[in-house]
Amino acid sequence: MIKPDGVQRGLVGEVISRFEAKGFTLVGMKLMQVSKELAEKHYDVHKERPFFKGLVEFISSSPVVAMVWEGDGVVASARKLIGATNPLTAEPGTIRGDYGVSVGRNLIHGSDAIETAQTEINLWFSSEELASWQPTMTPWLYE
């Protein structure tokens, strides 16, 4: 997901292009205003933490771009593309390392495990909103 700061800063195309250049397949995407209820469900694992309220307020403050990507090793590879949570320690060449400003404004959310990804996909998308397709470049990427 491209968070409100990434949308507001006009970085949607830059983020998408990095995932496309890596060879991943975009199967779902939507620009949306996040409701408080959806934000609370998304950040449920943090509900007992002192920063929970701030997370919910931020993610619902402006539109986000929710996305679903497919490809071999997509979760682990996406985490490397995205970079460390704190942009100040994220490696140059990562999305957060190149564009992030602070932990609270780190541009993008990515699932940390396949199980988490499935839960988040089901939270953010209906099955009708996902496209199943095979890019013509697939044989050039995978053996």
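Residues numbered from 1 in each chain as written. Predicted model: local features only at pLDDT ≥ 70, side-chain atom pairs only at ≥ 80, totals over all residues. Heavy atoms only, no water.

If you look the protein up in an unreviewed UniProt entry, it shows as Nucleoside diphosphate kinase from Rippkaea orientalis. Listed under Subcellular location (unreviewed entry) in UniProt, the entry text for the protein is "Cytoplasm". UniProt, in its Sequence similarities (unreviewed entry) section for the protein, records the words "Belongs to the NDK family." (UniProt positions renumbered as here; feature names shortened; annotations may be inferred.)

This part takes up the nonpolar core. Residues Val15, Phe19, Phe24, Met67, Trp69, Ile95 and Ile108 are the most contacted members of the largest nonpolar core, which totals 18 residues. Tallying contributions element by element places helix 5 (residues 74–82) first for this core, with five residues. Excluding residues within four positions of it along the chain, methionine 67 makes contact with Met1, Ile2, Val15, Ile16, Leu26, Gly28, Met29 and Phe125. Counting residues in each nonpolar core, the second largest holds 15 residues, with Val34, Tyr43, Val56 and Trp124 among its members. (Core = buried A, V, L, I, M, F, W, Y, C linked by side-chain atoms within 4.5 Å. Buried < 20%, exposed > 50% of the residue type's maximum accessible area, 1.4 Å probe, protein only. Helix = DSSP H or I, 4+ residues; strand = E, 2+ residues; numbered from the N terminus. Contact = heavy atoms within 4.5 Å.)

This brings us to the UniProt feature "active site" (unreviewed entry) in the protein. The positions UniProt marks with the feature "active site" (unreviewed entry) are His109. Locating histidine 109 in the fold gives a position in the loop between helix 6 (95–99) and helix 7 (114–124). Residue contacts for histidine 109: discarding those within four places in its chain leaves Met1, Lys3, His42, Ile82, Arg96 and Glu120.

With that settled, the discussion passes to the environment of glycine 100. Looking at the element boundaries, glycine 100 is found in the loop between helix 6 and helix 7. With 95 residues separating them in the primary sequence, glycine 100 and aspartate 5 have C-alpha atoms 9.2 Å apart. Discounting chain neighbours no more than four positions away, the residues touching glycine 100 are Pro87, Ile95, Arg105 and Leu107.

On to a nonpolar patch on the surface. A cluster of nonpolar side chains, contributed by Met137, Trp140 and Leu141, occupies part of the molecular surface with about 370 Å² of accessible area. Along the chain, tryptophan 140 turns up in helix 8 (residues 138–141). Residue tryptophan 140 is classed as exposed on the basis of its relative accessible area of 76%. (Patch = residues over 30% accessible without salt bridge, like charges linked within 9 Å, V, L, I, M, F, W, Y side chains within 5 Å. Areas by Shrake-Rupley, 256 points an atom, 1.4 Å probe, with all protein chains shown as cover. Salt bridge = Lys/Arg side-chain N within 4 Å of Asp/Glu carboxyl O.)

Interhelical geometry of helix 2 (residues 12–22) versus helix 5 gives an angle of 135° and a closest axis separation of 11 Å. The orientation of helix 2 with respect to helix 5, classified from their angle, is oblique. Taken as a pair, helix 2 and helix 5 cross one another with a handedness that is right-handed. Where helix 2 abuts helix 5, its residues Arg18, Phe19 and Lys22 lie against Ser77, Ala78, Leu81 and Ile82. (Axes fitted to C-alpha atoms, helices over the stretch in contact; angles between N-to-C directions. Parallel < 35°, antiparallel > 145°, perpendicular 65-115°, else oblique. Left-handed = near helix turned anticlockwise from the far one by under 90°.)

All buried positions along helix 7 are accounted for by Ala117, Glu120 and Trp124. The buried residues of helix 7 occupy an angular sector of 70° when projected down its axis, which confines them to one face. Along helix 7, exposed side chains directed more than 90 degrees from the buried face belong to Glu115, Thr119 and Asn122. Buried residues along helix 7 sit in contact with strand 1 (25–32), helix 3 (36–42), strand 2 (64–70) and helix 5. (Arc of directions from axis to C-beta.)

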